[in-house]
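Given next are the chains, with one letter for each unit.
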There are 2 protein chains.
Amino acid sequence: MDAALKAFAEPRRREILRLVWSQELPAAHIAARFDDVTRSAVSQHLAVLRDAALVLERRDGTRRLYRANHEEMAKLRDFLDDYWTGSLERLRDLSEAAQQMKGSH
Amino acid sequence: MDAALKAFAEPRRREILRLVWSQELPAAHIAARFDDVTRSAVSQHLAVLRDAALVLERRDGTRRLYRANHEEMAKLRDFLDDYWTGSLERLRDLSEAAQQMKGSH
DNA sequence: TACTTGCGTTAGTGTCAACTGACCTATGGT
DNA sequence: ACCATAGGTCAGTTGACACTAACGCAAGTA
C-alpha cells in the first residue's frame, strides 16, 4: 500500500495511469504519447505500476496490454480517506502524544 | 500542489503530519516520538512540510509550534478526488488517445 | 530459417532525497 | 555577561530513482 502511494506520487506515472484508466492500451501506444522520454523509461514506469498493482497486464501475442486496476486504486483511495477522516489510528497517536507531554513537562 | 503530494508520499512525514493534525506541538515533542532518527532529520522533514504548506509554524519564545494546515490538506484531497472522479481532463486525454490509435493503425 | 515487430531488461549516469554529525542562532534564565 | 535550551542549517554520505542506450527475447511473417 505504501508502494502504491509512492508509485502514484510521480507525475509521469499518474499520466500513464490516466491513459489506461478506462481503456486497455498496448505499451507502444502509451510510449508514443510521450515525446520527451524513451520507450524504455515508459516500460520501467509500467513495471513500477504493475509491481504496485495499480495496473494489470495482459498479453496478446507480442503485445502487452495495460489497464488500470480499479480495485487497487480503490484501496489506495480508502487509505487516503482514512487518513483524513481520522480513524482509530490517529486517536491512538493522539493519546500517546498527550501522555508524552505529561511525562516530559 | 505536486510538491504537496510528493511531501505526503513519505511515511515519516505522514506520521509527523498525523501528530500535529488536531493539536499544536513543539518540534522537540515531535522529534522525541522518533527514536530511530535524529532531531535534525525531523527538522528537515518539518521544513519540507512547511514548504509544501501542509503544516503551519508559529513561534513562541524559543519554541516553534507546528500544526497541520487543514486548508491545504483539503486542497490536496480535492486534487486526488478529481483524479478519481475523472473530470474534464481525463475526457480530453481519452479523446486524444483514441485519435492517436486511429492515426497509427 | 531469417527478418521484423513489440517490449522487457540490463548497465551505466546524473540527480535528488533522507539521513547523520557538527555548527550556528536566538531566546530566556541566573 | 554567561550558560542552557530549543531548534534551524550546512557538509558530506548513502541509496533510491528517472532516464538513456544497447541488448535480449518472444511471436508473428515472408
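Every value quoted in this text rests on a predicted model; they were computed, and no experiment measured them.

The rules behind these values
- Residues numbered from 1 in each chain as written.
- Chains lettered and ligands numbered in written order.
- Predicted model: local features only at pLDDT ≥ 70, side-chain atom pairs only at ≥ 80, totals over all residues.
- Heavy atoms only, no water.
- Near = heavy atom within 4 Å.
- Polar contact = N/O pair within 3.5 Å; in protein donor to acceptor, adjacent residues only side chain to side chain.
- Helix = DSSP H or I, 4+ residues; strand = E, 2+ residues; numbered from the N terminus.
- Pairing = 2+ DSSP bridges.

A. Layout of the protein's contact with DNA strand D. Taken together, 24 residues sit near DNA strand D, with A:K6, A:T38, A:H45, B:T62 and B:Y66 positioned nearest. For DNA strand D, the backbone portion of the atoms within 4 Å of the protein, that is sugar and phosphate, comes to 66%. One of the side-chain N or O atoms of A:S40 is found 2.7 Å from a base nitrogen in DNA strand D. Within the side chain of B:Q44, an N or O atom sits 3.4 Å from a base nitrogen of DNA strand D. Going through the elements one at a time, α2 (11-19) and α4 (39-51) of chain A together with α3 (27-32), α4 (39-51) and β3 (63-68) of chain B are the ones with two or more residues in the surface near DNA strand D.

B. The sheet that holds strand β2 (residues 55-60) of chain B, seen in detail. Reading across the sheet, the three strands line up as β1-β3-β2 (chain B) and stay open at both edges, with antiparallel pairing between neighbours. Bordering the open sheet on either side are β1 (25-26) and β2 of chain B, each of which pairs with just one other strand.

C. Broad picture of the sheet that holds strand β2 (residues 55-60) of chain A. Residue and element names in this part refer to chain A. The strand order β1-β3-β2 describes an open sheet built from three strands, whose pairing is antiparallel. Either end of the sheet is taken by a strand with one partner, and the two such strands are β1 (25-26) and β2. Inspection of the sheet shows β2 paired to strand β3 (residues 63-68) by six bridges, in the antiparallel sense. Opposite R59, over in β3, you have R64 as the bridge partner.

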